[in-house]
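Examination of the molecular architecture
Each chain, written out:
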Amino acid sequence: MSIKSEGRGLYIGRFQPPHLGHIYTLKNILKEVNEVIIGIGSAQISHTFDNPFTAGERILMLKAALEDEGIDMSKVYLIPIPDIEMNYVWVRYVTLLVPPFSVVYTNNPLVKRLFIEAGFKVKTPPLFNREVYSGKIIRQRMINGEPWEHLVPKAVVKIIYEINGVERLREITKSDEVRC
Ligand code: ATP
Ligand code: MG
């Protein structure tokens, strides 16, 4: 692969945690492009309800899950992207951090809008069982004590168990304030 953008796709998400919807989409992306860049957004955030896992943990989860799928990891770049909270210049900032790419894959309306305004080709892959394959729903299930393991790759379950991820999520979403 050259340093040219052709044949390389960018897929951006927070992956909190990676779930079967993400894996389904990534497998489809790799049918269309030779290499995929996975941008791990909000990379600086961890230990919150929206972002319980560190960028490093998310990298491990994605790598293990993709390896289990038999995906050639020499075709995958896993790149943390911290937030800058300046949407107007965000696309330019992303291009500083990742290798050149010719197409962006996203279902996130803001991400789509920003890349289109910047002149990039954007594709919106079909959502796969979005009612259940959703980071927010999976995190809420963890807090509620409902089954969540069937919604994420086995490798992700293993890592979340190893880092006591469910306990972390439950602890950090408790409150020390009095109810009034
Ligand atoms: P959260 O609820 O925390 O926002 P999420 O499930 O939307 O989590 P993200 O990491 O925000 O996951 O999403 C990364 C990308 O994956 C986005 O483009 C998002 O629209 C897409 N995506 C999310 N769920 C699915 C799904 N079930 N099938 C296909 N793509 C999905
Ligand atoms: Mg999302």
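Residues numbered from 1 in each chain as written. Chains lettered and ligands numbered in written order. Predicted model: local features only at pLDDT ≥ 70, side-chain atom pairs only at ≥ 80, totals over all residues. Heavy atoms only, no water.

So, on to the site of ligand 1. Around ligand 1 sit 21 residues in total, of which Y11, R14, F128, R130 and R139 are the nearest. The contact in question runs from an oxygen atom of ligand 1 to an N or O atom on the backbone of K136, over 2.8 Å. Burial of ligand 1 by the protein chains amounts to 91% of its free accessible area of 590 Å². Of all the secondary structure elements, the ones that give two or more residues to the shell around ligand 1 are β1 (8–13), α1 (20–32) and α5 (135–144). For the shell around ligand 1, the residue count by class is 7 nonpolar, 10 polar and 4 charged. (Near = heavy atom within 4 Å. Polar contact = N/O pair within 3.5 Å; in protein donor to acceptor, adjacent residues only side chain to side chain. Areas by Shrake-Rupley, 256 points an atom, 1.4 Å probe, with all protein chains shown as cover. Helix = DSSP H or I, 4+ residues; strand = E, 2+ residues; numbered from the N terminus. Nonpolar A, V, L, I, M, F, W, Y, C, P; charged D, E, K, R; others polar.)

With that out of the way, let us pick up the pattern of salt bridges. One pass over the structure, following the stated rule, counts 9 salt bridges. Between K123 and E32 there is a salt bridge, with the nearest N and O atoms lying 3.0 Å from each other. Pair noted here: K123 is in strand β5 (residues 122–123) and E32 is in helix α1, with a separation of 91 residues, a long-range link. On the accessibility criterion, K123 (30% relative accessible area) is partly exposed. Here K158 and E162 are joined by a salt bridge, their closest N and O atoms 3.4 Å apart. One end of the pair is K158 and the other is E162, both in helix α6 (residues 154–162) and 4 residues apart, which spans about a single turn. (Salt bridge = Lys/Arg side-chain N within 4 Å of Asp/Glu carboxyl O. Buried < 20%, exposed > 50% of the residue type's maximum accessible area, 1.4 Å probe, protein only.)

The next point concerns the nonpolar core. Ranked by size, the top nonpolar core spans 32 residues in total, and within it I38, L66, V76, W148 and I160 carry the most contacts. Of all elements in the fold, only α1, β2 (35–41), α2 (55–68), β3 (76–81), β4 (103–105), α5, α6 and α7 (165–172) reach the threshold of two or more residues within this core. L66 has contacts with I23, L26, I38, I71, M73 and V76, leaving out every residue within four places of it along the chain. With 16 residues, the next largest nonpolar core counts I37, I81, V94 and V98 among its residues. (Core = buried A, V, L, I, M, F, W, Y, C linked by side-chain atoms within 4.5 Å. Contact = heavy atoms within 4.5 Å.)

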